[in-house]
Amino acid sequence: MSSSQSQLTVRATHEPPPRTESRGAAPAPRRRPASPQWAAWAFLAPVTLYLGLFYAYPLYRNLDLSLRDYTVRSFVQGDAPFTGLANYRKILDDPTFAPALLHTVVFTAVCLVFQYAIGLALAVFFHQNFRLSATLRALFLVPWLLPLIVSASTWSWMLNSESGVVNTLLGALGVGPVNWLTSPSWSLASVIIANIWIGVPFNLVVLHSGLQSIPSSLYEAAALDGANAWQRFWRITFPLLRPVSAITLLLGLVYTLKVFDIIWIMTKGGPADSSTTFATWSYRLGFGNLLPAFGPGAAVGNLLVVAALVFGLIYVRVQRKQALS
């Protein structure tokens, strides 16, 4: 027997016999992998439920309040008649509408400008990373961490006409006392100062984080080219901070539009509606009277929602154009 025939014989003895399947047995079905679409919906379900319960439903209820003539009885029983846009026409004809709109615009614009400017200046200052930089930056966060009722009460005490710290310091400088909270000329300025103090730390934190993402090599190259500190800021820092600045201003706008606690604790919108904004007016209509006007109060609140939504859409549109360009 040759060597090739012997190898074939040994291989045949060691190979297992071929599988034989019965003719009637069906092949086992293969298990299909789970669709990634179902996994995506499973992850989206909690977020969707949360948004529906805590955002969509309250907005719907607020819209329903503004379109019906709700009283205390009908609010409990749920049988308020449908009035359409009557509540909106009522607030537009109200003499408080024009001053409240003006105060809202002035309060929001002045607070945004000063909060952003001071926050940016502090962010650039703390970006130098000197000794005690982190400690001082942490101390600047205290106004942001305090509850609003504590901050507003503190500013009410400081700006008190008779025993306030501010008037005491002004008296030491030879300046007469100022009725910060009881004068129609100063009440709006008082709440603006307090809100700026509270909002600066937020701008500081966000803008400082944006400065951390700017490469230091750009500043080194500009310094080698002979650029001074102002030119480096205007040509490098400010343009590269534009995306962070946009989202900072948008979030600040949405927050400032709905500021209620500070104004209500310090002045309650007075005196003579001199510091009334849409937020305080909406609360006063809905809850500040013996006979609450739920419909007009909800209508004023919806105007704030529409204003925030408009500015949000403008921001999204501008960001989309910048991404495509």
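That block above? That's the structure.
Reading guide: rules and limits
- Throughout this description, residue numbers start from 1 for each chain and increase along the sequence as written.
- Under the rules for a predicted model, residues below a pLDDT of 70 receive no local features and side-chain atom pairs below 80 are neither given nor counted, while totals for whole chains, interfaces and linings still include all residues.
- Working from all heavy atoms in the structure, the side-chain values ignore hydrogens and water.
- Each helix corresponds to a stretch of at least 4 residues labelled H or I by DSSP, and each strand to a stretch of at least 2 residues labelled E; elements are numbered beginning at the N terminus.
- Pairs of residues are marked as contacts when any of their non-hydrogen atoms sit within 4.5 Å.
- Surface accessibility in these figures is a Shrake-Rupley result with a 1.4 Å probe; residues are shielded only by whichever protein chains are displayed.
- A 1.4 Å probe that fits into a set of points on a 1 Å grid over the protein atoms alone but cannot get out defines a cavity; an open set with protein on both sides within 12 Å along at least five of seven lines defines a pocket, and lining residues are those with an atom within 4 Å of a point.
- Grid points are joined across faces, edges and corners, and a volume is the space filled by probe spheres set on the points.
- Asp, Glu, Lys and Arg are counted as charged, while Ala, Val, Leu, Ile, Met, Phe, Trp, Tyr, Cys and Pro are counted as nonpolar; the rest, among them Gly, fall into the polar class.

Quick look at the overall build of the chain
(1) Moving on: Secondary structure assignment for the chain yields 16 helices and 0 strands.
(2) Moving on: Looking at the chain alone, contacts between residues at least 24 apart form 66% of all its contacts between residues at least 6 apart.
(3) Moving on: Here the chain displays about 21,300 Å² of accessible surface, and carbon together with sulfur accounts for 67% of that area.

Structural notes on the layout of surface pockets
(1) Moving on: The calculated volume of the largest pocket comes to roughly 660 Å³.
(2) Moving on: In terms of lining, the largest pocket is formed by 23 residues, of which the most central are Leu59, Asn62, Gly301, Leu304 and Val305.
(3) Moving on: When residues of the lining of the largest pocket are traced back to their parent elements, those giving at least two are α2 (36-66), α13 (242-257), α15 (278-287) and α16 (294-324).
(4) Moving on: The element best represented in the lining of the largest pocket is α16, accounting for 7 residues.
(5) Moving on: When grouped by side-chain class, the residues that make up the lining of the largest pocket number 17 nonpolar, 5 polar and 1 charged.
(6) Moving on: By volume, the second largest pocket amounts to about 200 Å³.
(7) Moving on: Taken together, Val124, His127, Gln128, Leu211, Tyr219, Ala229, Arg232, Phe233 and Thr237 make up the lining of the second largest pocket.
(8) Moving on: Among the elements that make up the lining of the second largest pocket, the one with the highest residue count is helix α12 (residues 229-240) (4 residues).
(9) Moving on: The residue makeup of the lining of the second largest pocket, split by class, is 5 nonpolar, 3 polar and 1 charged.

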